[in-house]
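Structural overview
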Amino acid sequence: MKEASDSSLEPRDTFETLVGDIVAGRVSIMDVMRSAPAGDYFAFVQQLRLSRMLIADRRVLDRLTIEMREKMIEAGVNPDNRDIGKELSRKDGARRFPRLLEERSNAINTQPSLLTGTTFETRLEQYKTLISYVEKLWSDACQLFHRGNFPIAAFLSILVIEEVGKLTRLAEELIYLDEPLPIAGNPSVEKNHRKKHFISVMSGALINARLDRILGKNTVQRVLHEAESDELEKTRQQCLYIDIESGRAITPAARITELRARELTILAGELMAEILGHFPWEFQRMIENVVSFERSIGLSEKKISRR
């Protein structure tokens, strides 16, 4: 059999040869999925497109399952551990996950494209601008937290969560740059805060052992409820406005405690890295900044260690 790299092969033949080598175990599918050079956005996007084409073949998907099990065993992890299933059940995942898929599908099919450039280079520049904006928002929230302005730190953190929800589809727009995402009718950008809270929190917290460890499982479970109900939006309002209770003025500072602001700032950072860290080098940058903040507010190394 000719090697997949043989230049005499047509593209389709090359692809079929690669599939055959993966299925036979001569080429690692996991190596193929990690083959793009660090920092090369275009190569990484092409690699993602190839990976998606490959795992559309059931035989390749089965081979990926085998390789993942082998890697888990090498790392000392039991691949048959049922803890993930138990956690998903505890978080009402059987009901929430299908709804998340529906909301994300609706966002992709009914919302306007966020990247409007006609070339990969211009779309990538737009992509970077949007990601940088969210990172700056979260950085500002961290600085305000350190300065003791807990209501505005919490408000900016909720704003980060909303923008993360809006940008969950951003990587798709780069991957399918040759075919703009379908849009129905004449849509406007999603302005429903509750929907954005739901998409963001469910995407990043339904299955997230690190977040469970840092915030605590009960806190994460409460946050999931807040994102699905109106509670997170109510907190957002409390961060900004004076209210009257029993004839007495209540300021945001009286409502938003240091503990609440800390919880929301951590949550926003973790969701940002988990959901918007589409490229490995971007995830690395984001999670390092998140860990740095968590360390600065006194979280233990045991909690924040990346394991």
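Preceding this paragraph is the structure being described.
Below is a summary of the structure that appears in this document. (Residues numbered from 1 in each chain as written. Predicted model: local features only at pLDDT ≥ 70, side-chain atom pairs only at ≥ 80, totals over all residues. Heavy atoms only, no water.)

Things to note about the nonpolar core
To be explicit about the condition: Grouping buried Ala, Val, Leu, Ile, Met, Phe, Trp, Tyr and Cys residues that are joined through side-chain atoms within 4.5 Å yields what is termed a nonpolar core. Accessible area is worked out with a 1.4 Å probe on protein chains only. A residue is then buried under 20% of its type maximum, exposed over 50%, and partly exposed in between. Where helices and strands are cited, they refer to DSSP runs of H or I of at least four residues and of E of at least two residues respectively, numbered from the N terminus. Whether two residues touch is decided by their heavy atoms; if any such pair falls within 4.5 Å, the residues are in contact.
Among the nonpolar cores identified, the biggest contains 66 residues, and Tyr127 and Leu276 are the most heavily contacted of them. With 11 residues, the single largest contributor to this core is helix H7 (residues 120-146). With sequence-adjacent residues up to four places away left out, Tyr127 is seen in contact with Tyr41, Leu115, Leu170, Leu174, Leu276, His278, Phe279 and Glu282. Formed by 10 residues, the second largest nonpolar core is a distinct cluster that contains Phe15, Ile29, Leu54 and Leu64.

A short note on unusual backbone geometry
A positive phi angle, near 60°, is found at Asp92, a position not held by glycine. Mapped onto the fold, Asp92 is located in the loop between helix H5 (83-90) and helix H6 (93-110). Overall, Asp92 belongs to the partly exposed group, its relative accessible area being 30%. At Ser246, a residue that is not glycine, the phi angle is positive and equals roughly 55°. Tracing the backbone through its elements, the reader meets Ser246 in the loop between strand E1 (243-245) and strand E2 (248-250).

Remarks on the side chain of Ser157
Relative to the elements of secondary structure, Ser157 occurs in helix H8 (residues 150-166). On the basis of relative accessibility, which here comes to 0%, the residue Ser157 falls in the buried class. For Ser157, the residues in contact, after removing those within four places along its chain, are Ala141, Leu264, Thr265 and Ala268.

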